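Each chain, letter by letter, is given below.
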Amino acid sequence: MKNLVRVLLVVALLIPANAGAETREEWIALGTRIHGAFGPFIPVGIRIGLDAVERLKPGPRELEVIYQNGARPPCPCVADGVMIATHTSPGQGTLLIAPDKTPEGMMAVIVFKNRKTGEALRYGISDEWLPKILAWLKADPSARYDAAMGADGLFQVEQLK
């Protein structure tokens, strides 16, 4: 019995408390595993999700996300990046893909709400970004990640009341 307790203690110490990613390579591997590929919209979602988590500081399962896609393609691939960056999911009831489309001129609108504090933020990606993001398809996954993480003006964010 003592040996079993020791083994479990060692295993518990070796498993990271936050099973997310930290490096570019880890984000690429996680995005590829979850989404099936690391297209240019995945790192956009990761960047926005990380920004929301930093601002709202939610605890586990305290973040609620509503993703609204634009009228034009792409499909809501950005939502998969948001999901892995924020540890939200449809299965937990913490990520919802809204059936209605964004206002004209918007590629995506994402609302994040801290369930504990009630604080909420709305992120918007303008349609103007669609051709720029699609151009990242020509790059390898590392360059796509770097482009998304360094893109000035990629999104607008506003505090909701």
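Before any of the text, the structure's been laid out above.
First things first, this report covers the structure right here in the doc. (Residues numbered from 1 in each chain as written. Predicted model: local features only at pLDDT ≥ 70, side-chain atom pairs only at ≥ 80, totals over all residues. Heavy atoms only, no water.)

### Observations concerning the pattern of salt bridges
Part 1: Within the structure shown, the criterion is met by five salt bridges.
Part 2: The closest approach of N and O atoms between Arg 122 and Glu 158, which form a salt bridge, is 3.3 Å. One end of the pair, Arg 122, is in strand β4 (residues 120–126); the other, Glu 158, is in strand β5 (residues 156–160), with 36 residues separating them in the sequence.
Part 3: A relative accessible area of 41% places Glu 158 in the partly exposed class.
Part 4: Ionic contacts of the salt-bridge type, sharing partners, join the residues Arg 24, Glu 25 and Asp 146 into one network. (Salt bridge = Lys/Arg side-chain N within 4 Å of Asp/Glu carboxyl O. Helix = DSSP H or I, 4+ residues; strand = E, 2+ residues; numbered from the N terminus. Buried < 20%, exposed > 50% of the residue type's maximum accessible area, 1.4 Å probe, protein only.)

### Quick notes on unusual backbone geometry
Part 1: You will see that Lys 57, though not glycine, has its phi angle at about 50 degrees, which is positive.
Part 2: With respect to the helices and strands, Lys 57 occurs in the loop between α3 (41–56) and β1 (63–69).
Part 3: Take Lys 57: its relative accessible area is 63%, and that puts it in the exposed class.
Part 4: Although it is not a glycine, Arg 61 adopts a positive phi angle of roughly 60 degrees.
Part 5: With respect to the helices and strands, Arg 61 occurs in the loop between α3 and β1.

### Section: the packing of aromatic side chains
Between two aromatic rings, the relevant description is the distance of the centres plus the angle of the planes.
Part 1: Scanning all chains against the criterion turns up two aromatic pairs.
Part 2: For the ring pair Phe 112 and Tyr 123, a centre distance of 5.2 Å and an interplane angle of 80 degrees mean the geometry is edge-to-face. Placement of Phe 112 in strand β3 (residues 106–114) and of Tyr 123 in strand β4 is noted, with a sequence separation of 11 residues between them.
Part 3: On the accessibility criterion, Phe 112 (0% relative accessible area) is buried.
Part 4: Aromatic side chains Tyr 123 and Phe 155 sit 5.3 Å apart centroid to centroid with 55 degrees between the ring planes, which places their arrangement in the tilted category. Placement of Tyr 123 in strand β4 and of Phe 155 in the loop between α6 (141–150) and β5 is noted, with a sequence separation of 32 residues between them. Here Tyr 123 and Phe 155 have matching classes, each one buried. (Phe/Tyr/Trp six-rings, centres within 6.5 Å; stacked < 30°, edge-to-face > 60°.)

### Brief notes about the sheet that holds strand β2 (residues 95–97)
Part 1: Pairing is mixed across the open sheet formed by five strands, whose spatial order is β2-β1-β3-β4-β5. With partners counted over all chains shown, the strands left at the sheet margins are β2 and β5, one partner each. Across the sheet, the mean angle separating the axes of adjacent strands is 15 degrees when strand polarity is ignored.
Part 2: In terms of strand pairing, β4 meets β5 through five bridges, oriented antiparallel. Note on β5: the bridge partner recorded for Leu 121 is Gln 159. (Pairing = 2+ DSSP bridges. Axes fitted to C-alpha atoms, helices over the stretch in contact; angles between N-to-C directions.)

Any functional reading would require information that these geometric values do not contain.
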